[in-house]
Amino acid sequence: MARNEFDGLWNGAEELSVLTFNLNGETFAIEATVVQEILDLLPETQVPGSKAFVGSVINFRGKVIPLADIRLAFGMEATEPTIDSRIVVIELHLDDEPTLVGIRTDRVYEVTTLPQAASEPPPSVGMRWRADYIDCLVKRGGEFIILPNLRAIFASQGERSGSASGNN
C-alpha cells in the first residue's frame, strides 16, 4: 500500500475514532463513523446458494440486510456464537451506494481513539492474511489492533460470488 493511500484512512487527523471488537482472539477496529448500531444476536435466515462469507440475512429495523462473517475472508474458522457475540451494523459505500451490512463479532470492546503515530501499513511479507484486506495495524499496549479494509473485503467477496448484492 502506498504511503499516501495509508494516510488517506486518517484524513490528516492525528487520531481516528474506532469501535474495537474481537474475532478469534484478534482485536479489530472499524471507523466509528460507519457504525450504525450494535445488536445482540438476531434470528438469521439462511440464503440458499450463497457463499459462507455472507450466508444469511437479518431483519434490521424492517430492512433485510446481509450478515457477514469477515473471519472467513481472513481464513479463520467460523465459530459458534457465545453470550458475548454481537452484530455490528455498518454502512459502507459499495458500488457508490450506501449499503447496510451486519458483521458478526465474538465480542465488542469499546469506542476509542487510535493515534495515527502508532499506526503502520501491513507488512508485505510474513502476513498470514491478504495485505489488501488490512488498512493498517495500530500498536497499543503489547498488541496490534487490525483495521480491516472492509471495502476491499466486500468487493472481492462479491466478485467471487458472481452476483450483485442488495435488492431493496
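Just so we're clear, the structure is a prediction, and the values are computed from it rather than from any experiment.

K.L.:
Before we move on, could you go through empty space enclosed by the protein and cite the residues and values that matter?
P.N.:
If you roll a probe as big as a water molecule over the atoms, it shows you where there is empty space left. Counted under the stated rule, the structure contains 1 cavity of 30 Å³ or more. Estimates place the volume of the largest cavity at around 30 Å³. Considering the residues around the largest cavity, the lining is formed by Arg-71, Thr-79, Glu-80, Pro-81, Ser-85, Arg-104, Thr-105 and Asp-106. Considering only residue class, the lining of the largest cavity consists of 1 nonpolar, 3 polar and 4 charged.

K.L.:
Got a sec to walk through the sheet that holds strand β7 (residues 86-94)? Specific residues and values, please.
P.N.:
Within a sheet, each strand pairs with its neighbour through backbone hydrogen bonds, oriented either parallel or antiparallel. With mixed pairing, 6 strands are arranged side by side in an open sheet as β3-β7-β8-β6-β5-β4. Of all the strands in the sheet, just β3 (35-39) and β4 (45-46) have a single pairing partner and so form its edges. Pairing between strand β5 (residues 56-60) and strand β6 (residues 63-68): 5 bridges, direction antiparallel. When the sheet's bridge partners are listed, Val-57 is paired in β6 with Pro-66.

K.L.:
Go over the packing of aromatic side chains, please, and point to the residues and values.
P.N.:
Counting across every chain of the model gives 6 aromatic pairs. A centroid spacing of 6.0 Å and a plane angle of 15° characterise the contact between Phe-21 and Phe-28, whose relative ring orientation is stacked. Here the aromatic rings of Phe-53 and Phe-154 are separated by 5.3 Å at their centres, their planes lie at 55°, and the arrangement is tilted. Separated by 101 residues along the polypeptide, Phe-53 in the loop between β4 and β5 and Phe-154 in helix α2 (residues 150-161) bring together distant segments of the chain.

K.L.:
Talk me through the pattern of salt bridges; I want residue IDs and the actual numbers.
P.N.:
For the structure shown, the criterion picks out 9 salt bridges. Ionic pairing is found between Asp-69 and Arg-104, a salt bridge with its closest N-O pair at 3.7 Å. Separated by 35 residues along the polypeptide, Asp-69 in the loop between β6 and β7 and Arg-104 in strand β8 (residues 97-105) bring together distant segments of the chain. Judged by its relative accessible area of 3%, Asp-69 is buried. Asp-106 is the partner of Arg-71 in a salt bridge, and the nearest nitrogen-oxygen pair spans 3.0 Å. Of this pair, Arg-71 sits in the loop between β6 and β7 while Asp-106 sits in the loop between β8 and β9 (107-115); the two residues are 35 residues apart in sequence, bridging distant segments of the chain. Comparing Arg-71 with Asp-106 shows no difference in burial state: the two are buried. Overlapping salt bridges bring together Glu-44, Asp-69, Arg-71, Arg-104 and Asp-106 as one network.

K.L.:
Tell me about the pairing of strand β12 (residues 143-148), residues and numbers included.
P.N.:
With 6 bridges connecting them, strand β11 (residues 134-140) and β12 associate as antiparallel partners. If you follow Lys-139 over to β12, its bridge partner there is Phe-144. The hairpin formed by β11 and β12 contains 2 residues between the paired strands, and Gly-141 there has a positive phi angle of roughly 65°.

K.L.:
Quick one: what's the story with the side chain of Ser-119, residue by residue and with numbers?
P.N.:
Secondary-structure assignment places Ser-119 in strand β10 (residues 119-120). Exposure remark for Ser-119: the relative accessible area of 9% places this residue in the buried category. Side-chain polar atoms of Ser-119 contact the backbone oxygen of Gln-116, separated by 2.6 Å.

Definitions and cut-offs
- Residues numbered from 1 in each chain as written.
- Predicted model: local features only at pLDDT ≥ 70, side-chain atom pairs only at ≥ 80, totals over all residues.
- Heavy atoms only, no water.
- 1 Å grid on protein atoms, 1.4 Å probe; cavity = no way out; pocket = protein on both sides within 12 Å on 5 of 7 lines; lining within 4 Å.
- Points joined across faces, edges and corners; volume = space filled by probe spheres on them.
- Nonpolar A, V, L, I, M, F, W, Y, C, P; charged D, E, K, R; others polar.
- Pairing = 2+ DSSP bridges.
- Helix = DSSP H or I, 4+ residues; strand = E, 2+ residues; numbered from the N terminus.
- Phe/Tyr/Trp six-rings, centres within 6.5 Å; stacked < 30°, edge-to-face > 60°.
- Salt bridge = Lys/Arg side-chain N within 4 Å of Asp/Glu carboxyl O.
- Buried < 20%, exposed > 50% of the residue type's maximum accessible area, 1.4 Å probe, protein only.
- Polar contact = N/O pair within 3.5 Å; in protein donor to acceptor, adjacent residues only side chain to side chain.

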